[in-house]
Amino acid sequence: MADVSAPDDRTRERILRFKKDFHQRILDQIDRRQSLNKYELKAQVESITEKIFAREELPPFLGLTKEQFKKETFDNVLGYGPLEDLLNEAGVDDIMVVGYAKIFAEKDGKLQLTNRSFLDEQHLRTVIDRMLRVIGKSVNDLNPYADGRLEDGSRINVVVPPLALDGPQITIRKFPSNPHTMEDLIHKFGSVTQGLADFMRIAVRNRKNIVISGGSGTGKTTLLNALSNAIPDDERIVTIEDTAELKLRQPHVARMETRQPNFEGKGVVTIRDLVRNALRMRPDRIVVGECRGGEAIDMLQAMNTGHDGSLTTIHANSPEDVLLRLETMCTMAGLDIPLASIRKQIGAAIDLIVQVARFGDGTRRVIAVTEILEAQDHAYTLQDLFLFHRELVREDGRIEGDLRPTGKTPKSFESFVQSERDQLKEIFSAGKKARAAAAAKAEAPAKAEPPAPAAKSKKDAEKEAAKK
Ligand SMILES: Nc1ncnc2c1ncn2[C@@H]1O[C@H](COP(=O)(O)OP(=O)(O)OP(=O)(O)O)[C@@H](O)[C@H]1O
Ligand SMILES: [Mg+2]
């Protein structure tokens, strides 16, 4: 991605000047008397470049062969310029452009400044127009930002001046051709343990309502996608997203995507509109890519009235924060519902919150799984089922730690089939053992965990009451 031998500032300056001049020479020589299609334009650029190459050698400070320089010229004149290679490079997930001279890329979890740049601001604007034109969008002074999905499914956001202060900005989240599976999250990235994955799968199969929470880029959508795999094949799933990113493998998936307003500010279709519409589509499950506004109240009502097993993500920093955010989102619906009643609905609807985080070493992991036991007028009763314990930071910066069950047994899971209850017992007793071992290690006497009540949970009773 970034060259090992980065040139010094002066050489960079010379390289950029040479490339700009060359670019301009090509543009000057393109025959614009007729409108050319993509192939004709490519043929012209090829022939102009070949003619120049036949007469001139490339300056050595460029550090590129003619073939390499030709490819770069093609990308600049016809393609997405310096972004072209990054878009095609495996392992690069996010690409961020901050003005024409700075391009950042996240590779293997690490965000770094690349040594790529656009030729100048005009070149960056041309590439932005080219990228947006393909998806029928544009940016200008009146409409200085845009959101969309590139042809390959990657998510793009563009902001230009006057909103962007240091030149146009682009943010791209590449669409993974093979989205990470739960097995990847367990074995490749160490984000989730086998026990937690098994627990979450059982929860999904048993129609628990789950919220995945985390900051931006922490892996919420990826986990949601991996988790959705546990939804049985014979169910009808409706997915609702701002930008379609989910890739569900089940045969019966009805996908919907929101719509931004057109240039007259009309025609907007929000997540909330789609959630309401989804209820008329006879879904077995509703999966909402991200919940961030008034749709929260519709989702809670759906979850409490027979559409159990819904999955969504929320931008929040802790399970407690999720609850606060949900309350705020519900009030955004403008329905004038008293807070106590919103709280009751949240308490009855949401079963589990799975909190994810991105660590300083670039890894993304589940850091907590919390069960909502009940909601009273003024507070919720929560119970952590899994917690991540940070243990040490290795020489190479990697953070070591352990994601383990707290030893608390989930309360709202009594209705499961015996084999699943046995499996859960094993998962959670491992937590008790781990806790005891950790306590022994710290030379403190391990406290015995009180046995979990076997009675039907208060939560299930609440849900039934809400359904009536
Ligand atoms: N557990 C993981 N380990 C390593 N990389 C991951 C993991 N989860 C996600 N990623 C990568 O991190 C990037 C962000 O992932 P994702 O889109 O799931 O995050 P997000 O929290 O939904 O982001 P946003 O807030 O923008 O919606 C993606 O490029 C993805 O491939
Ligand atoms: Mg996301």
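The structure under discussion appears in the preceding block.
This text gives an overview of the structure that appears in the document. Positions within a chain are numbered from 1, following the residues in the order the chain's sequence is written. Chain letters and ligand numbers both follow the written order, the letters beginning at A and the numbers at 1. Given that this is a predicted model, residues contribute local features only at a pLDDT of at least 70 and side-chain atom pairs are listed and counted only at 80 or more, while totals for whole chains, interfaces and linings are drawn from all residues.

Turning our eyes to something else, we now look at the overall build of the protein chain. Helices and strands together make up the secondary structure of the protein chain, namely 14 helices and 15 strands. Along the first, second and third principal axes, the C-alpha atoms of the protein chain reach 85 × 55 × 40 Å. Here a residue counts as buried when 20 or more other C-beta atoms fall within 10 Å of its C-beta, as exposed when 12 or fewer do, and as partly exposed in between; the C-beta atoms come from the backbone. Counting every position in the protein chain, which comprises 468 residues, the buried fraction comes to 33%. For the protein chain, restricting intrachain contacts to residue pairs at least 6 apart in sequence, the fraction spanning at least 24 positions comes to 55%. Numbered from the N terminus, helices here are DSSP runs of H or I no shorter than four residues, and strands are runs of E no shorter than two. C-beta atoms are first placed from the backbone for all residues, and any pair lying within 7 Å is then listed as a contact.

As a further point, take the sheet that holds strand β3 (residues 110-113). Within a beta sheet, neighbouring strands are joined by backbone hydrogen bonds and run either parallel or antiparallel to one another. Two strands qualify as a pair provided DSSP detects at least 2 bridges between them. Here we have six strands laid out as an open sheet, ordered β3-β2-β1-β6-β5-β4, and antiparallel in their pairing. Unpaired on one side and paired on the other, β3 and β4 (145-149) mark the two borders of the sheet. Here the average twist between neighbouring strands, direction ignored, is 15 degrees. Each of β1 (92-98), β4, β5 (155-159) and β6 (169-173) is contacted by helix α5 (residues 121-134), which is oriented at about 135 degrees to β5, the strand it contacts most. Only the stretch in contact is used when fitting a helix axis, every axis being a line fitted to C-alpha atoms; angles between N-to-C directions are given from 0 to 180 degrees.

Moving on, we get to the site of ligand 1. Whether a residue is near a molecule or strand depends on its C-beta atom, generated from backbone atoms, being within 6 Å of that molecule or strand. Around ligand 1 sit 18 residues, and of these Asp93, Ser191, Gly219, Thr221 and Thr222 come closest. Counting only elements with at least two residues in the shell around ligand 1, the list comes to β1 and α8 (220-228). Counted by class, the shell around ligand 1 contains three nonpolar, ten polar and five charged residues. Only Asp, Glu, Lys and Arg are considered charged, only Ala, Val, Leu, Ile, Met, Phe, Trp, Tyr, Cys and Pro nonpolar, and every remaining residue, Gly among them, polar.

Time to look at unusual backbone geometry. Cis geometry is found at the peptide bond from Pro161 to Pro162, where omega equals 10 degrees. Summarising the element assignment, Pro162 is placed in the loop between β5 and β6. In this model, Arg207 sits at a positive phi of 60 degrees, which is unusual for a non-glycine residue. Considering the arrangement of structural elements, one finds Arg207 in the loop between α7 (194-205) and β7 (210-214). The phi torsion at Asp336 lies on the positive side, around 60 degrees, for a residue other than glycine. Here Asp336 shows up in the loop between α11 (319-332) and α12 (339-349). A tally of 6 C-beta atoms within 10 Å means that Asp336 is categorised as exposed.

Further remarks concern α7. Expected helix span is computed as 1.5 Å times (number of residues minus one). For α7, with twelve residues, the first-to-last C-alpha span of 16 Å sits near the 16 Å given by 1.5 Å per residue. Every buried residue of α7 is listed here: Gly195, Leu196, Ala197, Phe199, Met200, Ile202, Ala203 and Val204. Trailing α7 by a residue or two, Arg207 shows a phi angle of about 60 degrees, which is positive.

Another point: the sheet that holds β7. Strand order in this open sheet of nine strands is β9-β8-β10-β11-β7-β12-β13-β14-β15, and the pairing throughout is mixed. In this open sheet, the two edge strands, each paired with only one partner strand, are β9 (253-257) and β15 (399-405). Adjacent strand axes in the sheet meet at a mean angle of 20 degrees when their direction is disregarded. In this sheet, strand β11 (residues 311-315) lies alongside strand β10 (residues 285-288) in parallel orientation, the contact comprising two bridges.

Now for the pairing of strand β8 (residues 237-241). Among the five residues of β8, four are classified as buried, and the element is accordingly described as predominantly covered. Note that β8 and β10 share four bridges and pair parallel. The partner of Val238 across the bridge, within β10, is Ile286. Across five bridges, β8 lies against β9 in parallel orientation. Considered in β9, the bridge of Val238 is made with Ala254.

Looking now at the packing of helix α10 (residues 295-304) against α11. Interaxial distance between α10 and α11 falls to 6 Å at its minimum, and their mutual angle equals 105 degrees. In terms of orientation, α10 lies roughly perpendicular with respect to α11. In contact with Ala296, Ile297 and Leu300 of α10, α11 contributes Leu326, Met329 and Cys330. The residue makeup of the contact of α10 with α11, split by class, is six nonpolar, no polar and no charged. Oblique is the label for any angle not covered by the other classes, which are roughly parallel (under 35 degrees), roughly antiparallel (over 145) and roughly perpendicular (65 to 115).

Attention now goes to helix α9 (residues 271-278). The set of residues buried in α9 consists of Ile271, Arg272, Leu274, Val275 and Ala278. End-on, the buried residues of α9 take up no more than an arc of 160 degrees, which puts them together on one face. Among the structural elements, β8, β9, β10 and α10 are those in contact with the buried residues of α9. For this quantity, the arc is that covered by the directions from the helix axis to the C-beta atoms.

Within the element layout of this structure, Arg10 appears in helix α1 (residues 9-29). Arg10 sits in the exposed class, given 9 other C-beta atoms within 10 Å. For the pair Arg10 and Gln301, spaced 291 residues apart in sequence, the C-alpha separation works out to 62 Å.

Buried residues dominate β11, accounting for four of its five residues. Alignment of β7 against β11, held across five bridges, turns out to be parallel. In the strand pairing of β11, Ile212 is matched with Thr313. Classification remark: right-handed applies to a crossover when, strands pointing away from the viewer, the course from the first strand over the helix to the second runs clockwise. The handedness of the β10 to β11 crossover, carried by α10, is right-handed.

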